[in-house]
Amino acid sequence: MAENKDQQHPLWNNDRQVVDTLLNGEPNDYNLSELARLRMRYNDFPGARDIKSDLDDILKKWQLTEETLFEKTRQIHDVGQVYKGRGVKRDDWS
């Protein structure tokens, strides 16, 4: 039987800072996009329980489900570019 071991995500330190900002922030276009990006990153990741829990708390605070969050962010990205001047050519999904 395989042991269930949590892993440390290599971007945890950076992501922790973003999550802390989101916890104190409002659901504007940029923050919604950051929340959706981190939800995708940590969705199936075996670890980072603190970040996952905080992302859940942010969804509740902003009265969103994951489905409505992703719907809103698709609309945001359809209209314009949220990450202007932030390394636009860099994909940051993992």
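Note that the structure is a prediction, hence the values are computed from the model and not measured. (Residues numbered from 1 in each chain as written. Predicted model: local features only at pLDDT ≥ 70, side-chain atom pairs only at ≥ 80, totals over all residues. Heavy atoms only, no water.)

Colleague: Before we go on, may I ask you to explain the packing of aromatic side chains in this structure?
Modeller: Given two aromatic rings, their pairing is described by the distance between the two centres and the angle made by the two planes. Inspection of the entire model under this criterion finds 1 aromatic pair. Taking the centre distance of 6.0 Å and the plane angle of 85° together, the rings of Y42 and F45 count as edge-to-face. What makes Y42 buried here is its relative accessible area of 1%. Judged by its relative accessible area of 13%, F45 falls in the buried class. (Phe/Tyr/Trp six-rings, centres within 6.5 Å; stacked < 30°, edge-to-face > 60°. Buried < 20%, exposed > 50% of the residue type's maximum accessible area, 1.4 Å probe, protein only.)

Colleague: Please clarify how the side chain of R39 should be interpreted in this entry.
Modeller: Note that R39 resides in helix α2 (residues 29–42). Residue R39 is classed as buried on the basis of its relative accessible area of 14%. Of note is the side chain of R39, whose polar atom sits 2.4 Å from the side chain of D56. Filtering out sequence-adjacent residues up to four positions away, R39 remains in contact with K52, L55, D56, L59, E66, L69 and F70. (Helix = DSSP H or I, 4+ residues; strand = E, 2+ residues; numbered from the N terminus. Polar contact = N/O pair within 3.5 Å; in protein donor to acceptor, adjacent residues only side chain to side chain. Contact = heavy atoms within 4.5 Å.)

Colleague: Help me out: how do you make sense of unusual backbone geometry in this one?
Modeller: Trans peptide bonds make up the majority, and among non-glycine residues the majority have a negative phi. Positive phi is not limited to glycine here, since A48 has a value of about 55°. Checked against the element boundaries, A48 lands in the loop between α2 and α3 (49–61). Exposure remark for A48: the relative accessible area of 10% places this residue in the buried category. Positive phi values are uncommon outside glycine, yet Q63 reaches one of about 55°. Within the secondary structure, Q63 is located in the loop between α3 and α4 (66–79).

Colleague: Teacher, can you tell me more about the nonpolar core here?
Modeller: In terms of nonpolar packing, the biggest core is built from 18 residues, with L35, L55, I58, W62 and L69 touching the most fellow members. Residue assignment for this core shows that the elements contributing at least two residues are α1 (12–23), α2, α3 and α4. It is α2 that provides the largest number of residues to this core, a total of 5 residues. Contact partners of L69, with chain neighbours within four places excluded, come to L32, L35, A36, R39, L59 and L64. (Core = buried A, V, L, I, M, F, W, Y, C linked by side-chain atoms within 4.5 Å.)

Keep in mind that these numbers describe shape and distance, not what the molecule does.
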